[in-house]
Amino acid sequence: MFLDIINSGAKLLNIPNVDQKQALKDAQDMAQFDYDLATKYSTDETTRRQYARSYNPYSVDGLQKLAPFLNWKTYFNKALVPVKKTVDGSFRSVVMEVDNLAALSADVISGTLKSRTINNYLYTIALDRNYLPDPDAIRKKSAHLNEYRRPKQAINRKLRRSPKVDPMALAIEGDFTARENSCQGLTSSFLMWANTRVYVDANYPTQKDKDDVREQTNSIIRSILVAFRAQIDLLDWMSAASKRGAYQKIDNLVVNIAFPDWVLDDARLTSYYTRNEKKSAISCPILEAIHYADNSNLNTKQSDNYLTQVDQLLSFGLYEDFAPLINGSPADRTDFSGPAAITNAWYQPEVNSITFPGGILHAPFYDYNYPAAINYGGLGVIAGHELTHGFDDEGVQWEGTGILNSWMDDNSTKSFTKMAQCVVDEYSSFCPLGKGLPCVDGAQTQGENIADNGGIQAAYKAFKAYEALNGPDPLLPGDASLYNADQLFFIGFAQVWCQFPPTASSLLTQILVDPHSPSLYRVLGTVQNIPAFQKAFNCPLTSTYAPVDHCNVWTSEPTSGAPLNDKGEPIVKDNEVNVAPVDRISPQDMDKYSAYQNSLATLKASANLSVDPCDDFYHYSCGAFPGAKTTFNDLDQENYKVINNKINDPDYQTTLAASTALTKMKTLYDACKAEAKKSTIKDVDYFKPKMDKFRTLLTQPIPLIGGAGVPKVTPKNYGDTLGWLSFTLGVDTLISPGVDSNWIDPQSTTPGATNGYQLFVDEPSPYKTHTFYEDGNWRSQKASYKNTVKHVVEAYVKTDATAKLPNNYDDMIDDALELERTIAIDYSRNDQERRVFQPQWNPMKLNQFPATVDWNALWAQSPKEGQDWITANKDIVLNEPQKTPALFDFLKAKNDDTMVVNYLFIRLLLAYSGLIPCSNGKCVAVMKELSIKQLPDHLGKDRLPRRGHLLPAFAPLNEEDSEGVGVMPEAQGRVYVDAKYPTDNDRQTIKKVTMGVMQNIVDAMKGMIEQLDWMGNESKKSAIEKMNYLQVNVAFPDWIIDNPQLDLQFDELVFTNDDSYYSMLDKITVYSIAQDFHKLTKLKADRTQFSGQIAVVNAFYSDERNCITFPAGILQQPFFDINYPAGLNYGGLGVVAGHELTHGFDDKGVQWDFDGRLNSWMDEDSQAGFNKMAQCVIDEYSQFCPLPADRSPNCTNGVQTQGENIADNGGIHSAWRAYQSHIELDGSDPLFMDRVYSQYTENQMYFLNFAQVWCMQKTYLTESYVSGRLMTDAHALGPYRVLGTLQNTLAFQANWNCARGSTYAPDSHCSVWVPTVMA
């Protein structure tokens, strides 16, 4: 066929001497491409019957990323020329086959699909469909192929489509009589409404004729609806909730009969075809042949030749197709969408309407004077057929107003599927062509077959109801009088499908492509499933039309499927979640609808609704959580991908190059990727310079690696080595020097006397947290820790030719680790003691520090601002004035510096273990474990986060490192913001909406404070003052968008061409420490500073600055979306905001006042009330024990986690109150568009989204992970963050109807930041 088209096209275009060899090759390539389009890049028709999978809204920008082989903006602007609409990047369309389109695009771009073949194909199809006038060469050879062309059609069954008759054939064939009928068909397609008007005038000339046809046929159609509803009543496999969905569909059905009224209005009909007078013209880019005069104004003239008129009609047809995009109106459910003269009827699921055009409202289908039996067997079955389309495998996916929303519950769906499969199997056994040839495709034809079967059932029931009401009709005259009424019904039905005997060829064609079964089997397959037929014609059992087994289609035995109570009464639940229905989200608002659907998908994927929510709400919400680790961690990884993708975006390279800061980040990124692709660690000893420096400063042998002699560490050794470790490498060991706000006067209320920041020397920083070294934990964990250290030491020795392991190196490691434990237990304070800050404020002069360390040598290693501070003899705060001197006294008295030297060496190795190559599997495993920091499901961070060798968010070597997001955070944040909020409006909107949520939370918290029965009035005033002064930082600091300011931030960070990836990271570490020390020159503590990565999924509260920060990274689903309902936003981000705000009022927060000063504002009685509340939380959470009793630890440490637990509880209360205030002012939002989830109230959605925040992957919760969390983390595990919070929240228990005494509604609970007794 393609070869014939090529040659005919060449002849048409006067192209001589076509290379037949090349033409044949091109034709073969096009045929293969055509085959690939139908198979590789298309989806089978059965799969496409599932429409939810095909509803994928994409913006033009999103579509461009999905399938960049086309310029989609140009494509849509060209396609929408008929309606004079232009689009931008935000214009939305629905991509029905996302994966196929992406695959096609990829193959075009890669060259897998040759451009020559694609171009040839497009031109050839255009020629074949529009311009070739050679029926002998083309059509007669390939006529049979035309039958297999898949028509372009919409989701629905609208009949508006291109005519089957080829207009070119009309122009060249001379049989006028045969063509006359075809010409009329053309007018019906091209000028549907004008044709309809002619038909109505001819068949219903008077108003009475028009009224009669509608009134008479409407009575039959309405009786079918009643009968079908009765069928649903009797179904034993459909639940009561699903039946209500079916009734809603029937109740909302629109029935169009005969013709639309508006075509009778001359003015409206004329206006339809002459929309305006403005002229415009465009030409087809393929051939300069079709001219669109004015797409919205049909202007054909009798003087125009036939093909010119066809061109104009085609042009106007395009206008008709696209006009709904610009009229702004909702879908017209009364639209006939087809001509009145056609003998057909159709159901449209997307508007839930049935149309019966005038063309079918006559004999043999219907005649007012016919016996009722024939009318019901004819038009009645057709009406039932079309109605049943609303309930076939496609129809059940659409609800009563035409919205794509399946209304069947799971069990009903399973039964429906079983019924449908019976029909599929039945019809698949019909094989008219004989053995070895295709049989009827039961899957392909199931929709029509179900409609046939359901239709005849409803029509027969309606007929019998008519007879019961009106009595039987008189018998027919003559021999026909032998037929009874039931027989006439079935004869009238069979008459509908009479046809001239088909040829084997036409049967084959129908079987391959038609969704309808051949007529013979439409009769056989239907009546053999209705016992009334067999009874009417006295068919013996096992005869063809009376098989032993048959399918019950939309009917069942008249028994109740509802379970019975102990009194024998049916138990019928109103709905699954015991609430009244309210408005649901509509697809008309695509952005909001998409946000709802995304949230719905997340909730569905995570939830296990078989769990009782009152016994285990965590697993009810998170039991099927599909994430890799936790909600927080998984979203962090997605944020990193956003940064990666933006950096790699070709369109973003100009932006990167325009900023020196972004250029530096890109340089680091490129080096990181290169190192990931080919590691250089085995080729270059990156650790050696650090080791050399360590040896130089320490000036002592290192016994653990064979150093000769006995080390004797001097004060100078301590000062040089500890200072270098802290200020150059970011590794704090025996002390922890650093910069923090001036706790006493952070806003420098006495200028000249104080600064906003202060120099500190804090307690030691062991490698693990304090609880790790406590007795039971140390006993269970030491062996594993020691094994890790041994592997690292052994790996290092293999890289250093001067090092060797002494025979007693195992004992040396043991001694060093025991020293670390002694330091942690005896010379550091436990977590509970460290939560009290006043004893840690001890300013003193440098000469008051212990003489066992040369402090001048230590500070000489610090950045310039630190050295200047020491030169000026300003106060330095020693956090632990007893513990720190005692530590160095202990080390001196022990007189065993071997342990000290070995310990400092081990700490250096652990910090930079990633630079040491491995040679065996165990070593590799240990190194990987060291490189991965298991992330808690966290919120907030420590007041003084530890420094370390940080990795960027895009680093593939340590992509799970929780501190990785600390590298160049503002530069990475800029990239993230550019990706997520590309316009100024986007940026302002996210800040404005988030700030509104936060302000509501603050107001709610104020109300909670006012109601507290245990807090005195003066303390309440201080608490409210603290909230009035709260600084809220949202999304990102504005200055990162400004290149000069961003570049200035990183001006001191300089990379050279010789820098390796690891040397860049070293420079970043030094730069980051220097940035901290720059603060010493600031007059006031900066309350607007974000103090962390902007792309991180987290939020922070800072006691000493009284500020709360919501980075852009957390302002996303499932936490927040500007198009979410309020319940989801407040249950997600709202609770996060309330959590962080409550940190200002937890056991640590109450020690700091409104200005960030260390100044407890609670009076003694209020403090006693607070302590009682906190103790309740401690006791409650200490009972949560995820591990067996023989493990240590096995329960949550209520003391260690109290701050986070108090924040969780206070946060959910304040967010709930803020949400309720929002609803009071703005009203409720629509609910989900889903059979089950639409039944959740917005209040329930609040708690569902709260739980989503803490979902954790089951496989992630290993015993070792849980043990580590219990031992060291200030946060409870996700399941207990849900349980502990909600069992203290009475609003949860009320909205989920939880009985007193259930797990989530205990008899007693803690009242956290809410009154214990309401006044």
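Residues numbered from 1 in each chain as written. Predicted model: local features only at pLDDT ≥ 70, side-chain atom pairs only at ≥ 80, totals over all residues. Heavy atoms only, no water.

1. What about the packing of helix α46 (residues 1202-1226) against helix α49 (residues 1278-1286)?
Cut-off, in case you're wondering: Angles run from 0 to 180 degrees between N-to-C directions of axes, and those axes are lines fitted to C-alpha atoms, restricted for helices to the stretch in contact. A helix here means a DSSP run of H or I that spans at least four residues, while a strand means a run of E at least two residues long, and both kinds are numbered starting from the N terminus. Under this scheme an angle from 65 to 115 degrees is roughly perpendicular, one under 35 degrees roughly parallel, and one over 145 degrees roughly antiparallel; angles in between are oblique. Left-handed describes a crossing whose near helix is turned anticlockwise from the far helix by less than a right angle; the clockwise case is right-handed. Every residue pair with non-hydrogen atoms within 4.5 Å of one another is taken to be in contact. Residue type decides the class: Asp, Glu, Lys and Arg count as charged, Ala, Val, Leu, Ile, Met, Phe, Trp, Tyr, Cys and Pro as nonpolar, and the leftover types, Gly among them, as polar.
One way to put it is that α46 packs onto α49 with a least axis distance of 9 Å and a crossing angle of 55 degrees. With respect to α49, the axis of α46 lies oblique. Where α46 crosses over α49, the two elements pack in a sense that is right-handed. Seen from α46, the contacting residues are Glu-1204, Asp-1208, Asn-1209 and Ile-1212; seen from α49, they are Arg-1281, Gly-1284, Thr-1285 and Leu-1286. By residue class, the composition of the contact of α46 with α49 is 2 nonpolar, 3 polar and 3 charged.

2. Here's the deal with the sheet that holds strand β3 (residues 254-258)
Within a beta sheet, neighbouring strands are joined by backbone hydrogen bonds and run either parallel or antiparallel to one another. Here is the rule we go by: Here the rule is simple: two strands pair whenever DSSP picks up at least two bridges between them.
Ordered by their spatial adjacency, 3 strands build an open sheet running β3-β5-β4, and the pairing between neighbours is mixed. At either margin of the open sheet sits one strand with a lone partner, and together these are β3 and β4 (346-348). Averaged over all pairs of adjacent strands, the angle between strand axes in this sheet comes to 15 degrees, irrespective of strand direction. Sheet analysis places β3 next to strand β5 (residues 353-357), joined by 5 bridges and oriented parallel. For Ala-258, the partnering residue across the bridge sits in β5 and is Pro-357. Helix α12 (residues 207-234) rests against β3 and β5 of the sheet, and its axis sits at about 145 degrees to β3. Of the strands in this sheet, β4 and β5 are in contact with helix α17 (residues 372-389), which crosses β5 at around 150 degrees.

3. Topic: the confidence of the model for the chain
In low-pLDDT segments, the atomic positions of the prediction should not be examined closely. Rules: Per-residue confidence from the prediction method is given by pLDDT, with values spanning 0 to 100.
Here the chain averages 86 in pLDDT, while 89% of its residues score no lower than 70. A low-confidence stretch, residues 558-562 (pLDDT under 50), is modelled with 7 contacts involving residues beyond four sequence positions or located in other chains. Of the regions scoring below 50 in pLDDT, residues 933-965 engages in 122 contacts with residues more than four places distant in sequence or in other chains.

4. Quick word on the pattern of salt bridges
Note the following rule: Definition used for salt bridges: Asp or Glu carboxyl oxygen within 4 Å of a side-chain nitrogen of Lys or Arg. Note on classification: 1.4 Å probe, protein chains only; a residue is buried when its accessible area is under 20% of the maximum for its type, exposed when over 50%, partly exposed between these limits.
Applying the stated criterion across every chain, the model contains 50 salt bridges. The salt bridge partner of Glu-1018 is Lys-1021, with a shortest N-O separation of 3.5 Å. With Glu-1018 and Lys-1021 both in helix α41 (residues 1017-1028), this residue pair falls 3 residues apart, about one helical turn. With respect to burial, Glu-1018 and Lys-1021 carry one shared label: exposed. A salt bridge links Asp-1190 to Arg-1191; the nearest nitrogen and oxygen atoms lie 2.6 Å apart. On the basis of relative accessible area, Asp-1190 is assigned to the exposed category, the value being 61%.

5. Digging into a nonpolar patch on the surface
Keep this limit in mind: Residues qualify for a patch when their relative accessible area is over 30% and they have no salt bridge, like charges being joined within 9 Å and the nonpolar side chains of Val, Leu, Ile, Met, Phe, Trp and Tyr within 5 Å. Using a 1.4 Å probe, the Shrake-Rupley method yields the accessible areas, and only the shown protein chains count as cover for residues.
The grouping of Leu-12, Leu-13 and Ile-15 at the surface amounts to a nonpolar patch, some 250 Å² of accessible area in total. Secondary-structure assignment places Leu-12 in helix α1 (residues 2-12).

6. Looking at the state of the cysteines
One way to say it: the disulfide is the covalent bond shared by the sulfur atoms of two cysteines. Inclusion rule: For this text, the term disulfide refers to a pair of cysteine sulfurs within 2.5 Å.
According to the stated counting rule, one finds 6 disulfides in the structure shown. Residue pairing for Cys-422: its cysteine sulfur links by disulfide to Cys-551, the two sulfurs lying 2.0 Å apart. Since a negative S-S torsion denotes a left-handed disulfide, the Cys-422-Cys-551 link at about -90 degrees is left-handed. Linking Cys-422 in helix α18 (residues 410-428) with Cys-551 in the loop between α23 (531-536) and α24 (590-606), this pair joins segments that are 129 residues apart in sequence. The partly exposed category is assigned to Cys-422, whose relative accessible area is 27%. Two residues share a disulfide in this structure: Cys-1176 and Cys-1310, whose sulfurs sit 2.0 Å from each other. Disulfide Cys-1176-Cys-1310: torsion about the S-S bond near -90 degrees, hence left-handed. Placement of the pair is Cys-1176 in helix α45 (residues 1164-1182) and Cys-1310 in the segment after α50 (1290-1295), with a sequence separation of 134 residues. Looking at Cys-1310, the relative accessible area reads 2%, which means it is buried.

7. Observations regarding helix α35 (residues 864-871)
The cut-off we apply is this: It is the directions from the helix axis to the C-beta atoms that the arc portrays.
Within α35, the full set of buried residues consists of Glu-865, Gly-866, Trp-869 and Ile-870. End-on, the buried residues of α35 take up no more than an arc of 140 degrees, which puts them together on one face. Pointing more than 90 degrees away from the buried face of α35 are the exposed residues Lys-864 and Thr-871. In this structure, the buried side of α35 is in contact with β7 (757-762), α34 (855-860), β9 (876-878) and α43 (1061-1078).

8. Quick word on the nonpolar core
Heads up, the rule is: To define a nonpolar core, start from buried Ala, Val, Leu, Ile, Met, Phe, Trp, Tyr and Cys residues and group those joined through side-chain atoms within 4.5 Å.
Among the nonpolar cores identified, the biggest contains 221 residues, and Phe-617, Trp-859 and Trp-1313 are the most heavily contacted of them. Broken down by element, this core gets its largest block of residues, 10 residues, from helix α37 (residues 897-911). In this view, Trp-859 contacts Phe-727, Pro-737, Leu-759, Phe-760, Val-761, Leu-846, Gln-867, Ile-870, Ile-876 and Phe-1077; residues no more than four positions away in its chain are not counted.

9. As for the sheet that holds strand β12 (residues 1107-1111)
Pairing within the open sheet is mixed, and its 3 strands lie in the order β10-β12-β11. The outermost strands of the open sheet, each flanked by one partner alone, are β10 (1031-1035) and β11 (1100-1102). Taking each pair of neighbouring strands and ignoring which way they run, the sheet shows an average axis angle of 15 degrees. Where β11 lies against β12, 3 bridges are found, and the strand directions are antiparallel. Opposite Phe-1100, over in β12, you have Thr-1109 as the bridge partner. Across the sheet, helix α40 (residues 984-1011) lies against β10 and β12, angled at about 140 degrees from β10, the strand it touches most. Sitting on the sheet, helix α44 (residues 1126-1143) touches β11 and β12, and the angle it makes with β12 is about 150 degrees.

10. Quick notes on the packing of aromatic side chains
Any two aromatic rings considered together are summarised by their centre-to-centre distance and by the angle between their planes. Our working rule: Centres within 6.5 Å are what make two rings of Phe, Tyr or Trp a pair, Trp counting through its six-membered ring; a difference in plane orientation under 30 degrees is then read as stacked, over 60 as edge-to-face, and the rest as tilted. Here, over-ring charges are defined by two tests on the NZ atom of lysine or the CZ atom of arginine: distance to the ring centre within 6 Å, and angle to the ring normal within 35 degrees.
For the coordinates displayed, the defined rule picks out 85 aromatic pairs. Ring centres of Phe-69 and Trp-72 lie 6.1 Å apart, and the angle between their planes is 70 degrees; this geometry places the pair in the edge-to-face category. Residue Phe-69 is classed as partly exposed on the basis of its relative accessible area, which comes to 24%. Sitting over the face of the ring of Phe-259, Arg-214 holds its NZ or CZ atom 4.2 Å from the ring centroid. One Lys or Arg, Lys-991, reaches over the ring of Phe-1036 and ends 4.3 Å from the middle of that ring.

11. Quick look at the pairing of β7
Burial of β7 is extensive: 6 of the 6 residues sit out of reach of the surface. Of the strand pairs in this sheet, strand β6 (residues 736-741) and β7 are connected by 6 bridges, and their pairing is antiparallel. Directly across from Val-739, in β7, lies its bridge partner Leu-759. One ladder, built from 3 bridges, connects β7 with β9; its direction is parallel. Within the sheet, the bridge partner assigned to Phe-760 lies in β9 and is Val-877.

12. Topic: unusual backbone geometry
Geometrically, the link from Ala-363 to Pro-364 is a cis peptide bond, its omega value of 5 degrees lying close to zero. Among the structural elements, Pro-364 can be located in the loop between β5 and α17. Positive phi is not limited to glycine here, since Ser-337 has a value of about 60 degrees. For Ser-337, the location among the structural elements is in the loop between α16 (324-327) and β4.

13. Notes on the environment of Thr-39
Put simply, the rule is: For the purposes of these results, a polar contact is taken to be a pair of N or O atoms within 3.5 Å, where, inside protein, one atom must be able to donate a hydrogen and its partner to accept one; residues adjacent in sequence count only when each atom of the pair is a side-chain atom.
The residue Thr-39 is located in helix α2 (residues 20-39) in this model. The exposure class of Thr-39 is partly exposed, given its relative accessible area of 39%. Within the structure, Thr-39 has its side chain in polar contact with the backbone oxygen of Tyr-35 (distance 2.7 Å).

14. Brief notes about the environment of Thr-822
Relative to the assigned elements, Thr-822 resides in helix α32 (residues 809-826). The partly exposed category is assigned to Thr-822, whose relative accessible area is 23%. Along the backbone, Thr-822 and Leu-887 are 65 residues apart, and their C-alpha atoms lie at a distance of 9.5 Å. Each residue touching Thr-822, except ones within four places of it in the same chain, is listed here: Tyr-827 and Phe-890.

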